[in-house]
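# Survey of secondary and tertiary structure
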Amino acid sequence: MSALTGGSTAATSFLSRFAGLKTQLPGNLAEREAASVVFAHAGLPGRKLEAWKYTSLAPLADASFHEPLTLLAPCDDLLALVPPPALAMDCPRLIFRDGRFRADLSTAPGFFSSFADAPELAADPRPMVALNTMLTEDGAVLDLPEGMDGGTLLLVHLASDLHGQPTAAHPRHIIRLAKGARLELIEISVGSGSYLHNPVFQIALAPFATLTHVRLQSEAAVAYHLATLNVSADTGAFYDSFTFTAGARLSRAETSATIAGEAARVHLDAAQLLADHQHADITTILRHAAPHGASRQTVRNVLDGHARGVFQGRIEVARGAQKTDGYQMNQALLLSPDAEIDSKPELEIFADDVKCSHGATVGELDADQFFYLRARGVPADLARMMLVRAFLADSIDALANDDARAILDHVLTTRWGAAA
Amino acid sequence: MSTLRIEGLKASIGDKEILHGIDLVVPAGEVHAIMGPNGSGKSTLSYVLSGRDGYEVTGGIATYGDADLLAMDPEQRAAAGLFLAFQYPVELPGVGNANFLRVALNSIRRTRGEPELDAVQFLKLARAAMKSLSMPEDMLKRQVNVGFSGGEKKRNEVLQMAILKPTLAILDETDSGLDIDALKIVADGVNALRGPDFSALVITHYQRLLDYIVPDRVHVLAHGRIIRSGGPELALELEANGYAQIVAEAA
């Protein structure tokens, strides 16, 4: 199917790592063996797959990914990459290093357990999930009982290379909120050097549960970040997510969310702030499988240099999902003539009484606004940053969590400061 | 105490020359008015002096004190004391007015090597300025010029001027679209800054504004040249007779 990457150096390095490691990996080996067959057959996804039309993993193909050897390595340098407002938060935190839980750096809440202690693996035909299933070692398992308010939780993933050689980490996080439970999860990925961070999230929300999930991807400039999130929301549940992409050479966040119960809500908002030759992909598949569901997606891209942003947003409304209310908007601000945005909305509607809208806009920095700021004494770089912040204002200001706003504002400010 | 000195200034938009050689000196402490019919180059002069893109200077010089204005970025000109009050103030959705004013003030202070103001110091300053301009305080909380009436936008320009305290203000038809109350507020804002270190170039089509900001000199701009200069009485003459006669005499 994808001979392009099936026999690539990278795919081979993953398979040989599995062959050497499999008897030591926790959990059901049969599931891992099955996943390795899926991955060996598919290889790293490339443009021949419709789902990967705009994002090819060919840049990874020639790399040989090594096992990180960092079980007890000090993490001070990597923690310094986490935005200070995040570390200043007064809440429990879970720190992972190269895909493994670091109890010594964490203050885990009672509802946390380590994936490695009781791995749950399931078949999935998608190559990156199969890769994760094959090699995952650890992850956060969050089980919130009925009615529990888990408050705010910080989940940090630190990644690094191995003496200049690329490494790969495949954490598997499982989040289950029982009826009426609540949690605000702030997830941050940072690192240094060349590596692949390939996390998979399995998120299940029981009736009337609410998960706020703010994701900051601020990986190293030469790193790869490929995240897959599977979400199901039962009756009246609310998955409210915002993904902020700032780092990595190549990244993708693929969310597959199902409105499984009546009147559930799913928000898959995102912003991507890219420069140089960064490539970042937001792909969403939103299934309305029950009536009266509501979904919201506003995805904003700010693209400088030769950056390329991708948004693929698919909304499926099943026959029985009447009174569905779906909204999707993709906006891009191009700061350079060499930047590119690819936007592919797809609506597949089988119900006859639904409200679904989508739209896309592309624009440049407004010359009048830029001059107005400069005429008031604001230097060009700062003026540009203020206009970018203004473009993202609706996204960031809509976040109810003060800490999340402070963290993202910090990233925005320092990133533009560094570029100046 | 700096003098604005413009000599032989020529400027084009694309292939079209708009300013054909402007000579003008505005000494410190003086307010000069530039009047002229539509299309005479008034706005072009204000944009060239403030450094907007899209205008090509093809000849002449413009200096303010020792500073070569034409060699500077717009933000450097602002730090040198220049302030352009826009004919059409720009809306900045997503930018709060208080934040905008503080960033502008601190940018200028930083360039000048002065200490920046923190949020508390700034708010104190802004509130005092708003009070003196009879502006409601909620204007600080709104997004810059978004949903402002024409009069509110011009008042906001005056507020910026009061906070940034320029030493050289260029008012580009600030009076257009203003009722008499708003006009007085704008004039009060400018007059409050008047002093030996402050000079202004008041660009206007009508004499009305000059009843409130009384100029030391009046210049008539037509077809990209200053064709006549005089005292405040020249504005009254223009008001009575229109531009046609003076333009015809100069031709």
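What chain A contains, in helices and strands, is eleven helices and 21 strands. Expressed along its principal axes, the backbone C-alpha trace of chain A runs to roughly 65 × 55 × 45 Å. Burial statistics for chain A: of 420 residues in total, 59% are counted as buried. Entry remark: accessible area of chain A is about 15,300 Å², with carbon and sulfur atoms responsible for 53%. Positive and negative charge centroids in chain A, built from 34 and 48 side chains respectively, lie 3 Å apart.

Attention shifts here to the sheet that holds strand β11 (residues 217-222) of chain B. All names here are of chain B. Taken together, the six strands give an open sheet; going across it, the order is β6-β9-β10-β3-β11-β12, and neighbouring strands pair in mixed fashion. This sheet does not close on itself; its edge strands, each paired only once, are β6 (82-85) and β12 (225-230). When strand polarity is set aside, the average angle formed by the axes of neighbouring strands in this sheet is 20°. In this sheet, strand β10 (residues 199-204) lies alongside strand β3 (residues 31-35) in parallel orientation, the contact comprising five bridges. Pairing of Ala-33 across the sheet is with Val-202, part of β10. Against the sheet, helix α8 (residues 233-241) makes contact with β3, β11 and β12, and its axis sits at roughly 115° relative to β12, the strand it touches most.

Here, the word disulfide means a covalent bond between the sulfur atoms of two cysteines. Counting across every chain of the model gives zero disulfides over all chains. You can see Cys75(A) has no disulfide; the closest cysteine sulfur is in Cys91(A), sitting 18 Å from it.

To continue, consider the packing of aromatic side chains. Where two aromatic rings form a pair, the distance of their centres and the angle of their planes describe that pair. Residues and elements named next belong to chain A. Under the defined criterion, the tally for this structure stands at ten aromatic pairs over all chains. Aromatic pair Phe-101 and Phe-112: ring centres 4.6 Å apart, planes at 45°, arrangement tilted. You can see Phe-101 sitting in strand β2 (residues 100-101) and its partner Phe-112 sitting in strand β3 (residues 112-114), a full eleven residues away along the chain. For Arg-252, the ring lying beneath its charged end belongs to Trp-52, and the centroid distance is 3.6 Å. We note Arg-265 situated over the ring of Phe-238; from NZ or CZ to the ring centre the distance is 3.9 Å.

Residues and elements named next belong to chain A. Summed over the entire model, instances satisfying the criterion amount to 39 salt bridges over all chains. Here Arg-300 and Asp-394 are joined by a salt bridge, their closest N and O atoms 3.9 Å apart. Pair noted here: Arg-300 is in strand β17 (residues 294-303) and Asp-394 is in helix α10 (residues 393-397), with a separation of 94 residues, a long-range link. The class for Arg-300 is buried, based on a relative accessible area of 9%. Owing to a relative accessible area of 57%, Asp-394 belongs among the exposed residues under this scheme. For Arg-405, the salt bridge goes to Asp-402, with nearest N and O atoms at 2.7 Å. Taken as a pair, Arg-405 and Asp-402 lie in helix α11 (residues 402-419) at a separation of three residues, close to a single helical turn. Judged by its relative accessible area of 24%, Arg-405 is partly exposed. A relative accessible area of 52% means that Asp-402 is categorised as exposed.

Attention now moves to the pairing of strand β5 (residues 149-160) of chain A. Residue and element names in this part refer to chain A. By the criterion of burial, β5 is predominantly enclosed, with ten of the twelve residues buried. Where strand β1 (residues 93-97) lies against β5, five bridges are found, and the strand directions are parallel. Across the sheet, the residue bridging to Arg-97 is Leu-158, located in β5.

Working note: α-helix, 3.6 residues per turn, so residues spaced by three or four point in the same direction. Residues and elements named next belong to chain A. Between its first and last C-alpha, helix α9 (residues 380-391) extends 16 Å over twelve residues, near the 16 Å set by a 1.5 Å rise per residue. Of all twelve residues making up α9, nine are buried, and the element is well covered by its neighbours. Taken together, the buried positions of α9 are Ala-380, Ala-383, Met-385, Met-386, Leu-387, Val-388, Arg-389, Ala-390 and Phe-391.

Here we take up the nonpolar core. Counting 91 residues, the largest nonpolar core has Ile6(B) and Leu92(B) as its most contacted members. Excluding its chain neighbours within four sequence positions, the residues that come into contact with Leu92(B) are Gln369(A), Tyr372(A), Leu373(A), Leu387(A), Phe100(B), Gln143(B), Val144(B) and Val146(B).

Residues and elements named next belong to chain A. Taken in spatial order, the ten strands line up as β2-β1-β5-β8-β11-β13-β15-β17-β19-β21 in an open sheet, and their pairing is mixed. Single-partner strands in this sheet number two, and they are β2 and β21 (355-364). Note that strand β13 (residues 238-245) and strand β15 (residues 265-274) share eight bridges and pair parallel. Each residue of the ladder has a partner; that of Phe-238, found in β15, is Arg-265.

Residue and element names in this part refer to chain A. For chain A, the assigned domains read domain 1 (3-261) and domain 2 (365-420). Taking only C-alpha atoms, the centre of domain 1 and the centre of domain 2 are 30 Å apart. Listed by partner, the interface residues are 14 residues for domain 1 and 14 residues for domain 2. Across the domain 1/domain 2 interface, buried area totals approximately 1,100 Å², and carbon plus sulfur atoms make up 81% of it. The largest share of the area that domain 1 buries against domain 2 comes from Pro-85, Phe-242 and Phe-244, three residues that together contribute 39% of it. In this structure, the connection of domain 1 to domain 2 is made through zero salt bridges. Inspection of the region where domain 1 meets domain 2 yields one residue pair in polar contact (both at pLDDT 80 or more). Put simply, the parts of the chain that give the side of domain 1 that touches domain 2 at least two residues each are α6 (84-87), β8 (182-192), β11 (210-218) and β13.

One widely used convention gives an interface's size as the accessible area the parts lose upon coming together. Counting residues at the interface gives 30 residues for chain B, matched by 17 residues for chain A. The junction of chain B with chain A conceals about 1,900 Å² of combined surface from both sides, 66% of it contributed by carbon and sulfur atoms. In this structure, the connection of chain B to chain A is made through four salt bridges. Close ionic contact of Asp368(A) with Arg52(B) constitutes a salt bridge, the shortest N to O distance being 2.2 Å. For the pair chain B and chain A, the interface holds ten residue pairs in polar contact (both at pLDDT 80 or more). Of all the secondary-structure elements, those providing two or more residues to the side of chain B that touches chain A are α1 (42-50), α2 (74-79), β6, β7 (92-96), α3 (97-111) and α5 (150-164) of chain B. In terms of residues, the side of chain B that touches chain A owes the most to one element, α3(B), which gives six residues. Tallied by class, the residues present in the side of chain B that touches chain A amount to 18 nonpolar, seven polar and five charged.

Residue and element names in this part refer to chain B. When you line up the elements, His-205 lands in the loop between β10 and α7 (209-212). Here the side chain of His-205 touches Gly-36 through a polar contact of 3.2 Å, landing on its backbone oxygen. Residues within four places of His-205 in sequence aside, it is in contact with Met-35, Gly-36, Pro-37, Asn-38, Lys-42, Glu-173 and Tyr-243.

Once that is clear, we can look at the environment of Phe101(A). C-alpha of Phe101(A) to C-alpha of His157(A): the two residues are 56 residues apart in sequence and 9.0 Å apart in space. Setting aside its immediate chain neighbours within four residues, Phe101(A) contacts Leu94(A), Ile95(A), Phe96(A), Ser106(A), Phe112(A) and Asp138(A).

The next subject is helix α4 (residues 119-132) of chain B. Residues and elements named next belong to chain B. In this model, α4 (14 residues) spans 20 Å end to end at C-alpha, consistent with the 20 Å of a helix rising 1.5 Å per residue. The complete set of buried residues in α4 reads Phe-122, Ala-126, Ala-129 and Met-130. Down the axis of α4, the buried side of the element spans an arc of 100°, and every buried residue falls inside it. Exposed and oriented more than 90 degrees from the buried face of α4 are Val-120, Lys-124, Lys-131 and Ser-132. Of the surrounding secondary structure, the elements contacted by the buried residues of α4 are α3 and α5. Capping the start of α4 is the job of one residue whose side-chain oxygen sits 3.1 Å from the backbone nitrogen of Val-120: Asp-118. At the exit of α4 stands Ser-134, carrying a positive phi of roughly 50°.

Criteria and thresholds
- Residues numbered from 1 in each chain as written.
- Chains lettered and ligands numbered in written order.
- Predicted model: local features only at pLDDT ≥ 70, side-chain atom pairs only at ≥ 80, totals over all residues.
- Heavy atoms only, no water.
- Helix = DSSP H or I, 4+ residues; strand = E, 2+ residues; numbered from the N terminus.
- Buried < 20%, exposed > 50% of the residue type's maximum accessible area, 1.4 Å probe, protein only.
- Areas by Shrake-Rupley, 256 points an atom, 1.4 Å probe, with all protein chains shown as cover.
- Lys, Arg positive; Asp, Glu negative; His and termini not counted.
- Charge placed at Lys NZ, Arg CZ, Asp CG, Glu CD.
- Pairing = 2+ DSSP bridges.
- Axes fitted to C-alpha atoms, helices over the stretch in contact; angles between N-to-C directions.
- Contact = heavy atoms within 4.5 Å.
- Disulfide = S-S within 2.5 Å.
- Phe/Tyr/Trp six-rings, centres within 6.5 Å; stacked < 30°, edge-to-face > 60°.
- Lys NZ or Arg CZ within 6 Å of the ring centre and 35° of its normal.
- Salt bridge = Lys/Arg side-chain N within 4 Å of Asp/Glu carboxyl O.
- Expected span 1.5 Å × (residues − 1).
- Core = buried A, V, L, I, M, F, W, Y, C linked by side-chain atoms within 4.5 Å.
- Domains from an automatic or database assignment.
- Buried area = accessible area lost by both parts, 1.4 Å probe.
- Polar contact = N/O pair within 3.5 Å; in protein donor to acceptor, adjacent residues only side chain to side chain.
- Nonpolar A, V, L, I, M, F, W, Y, C, P; charged D, E, K, R; others polar.
- Arc of directions from axis to C-beta.

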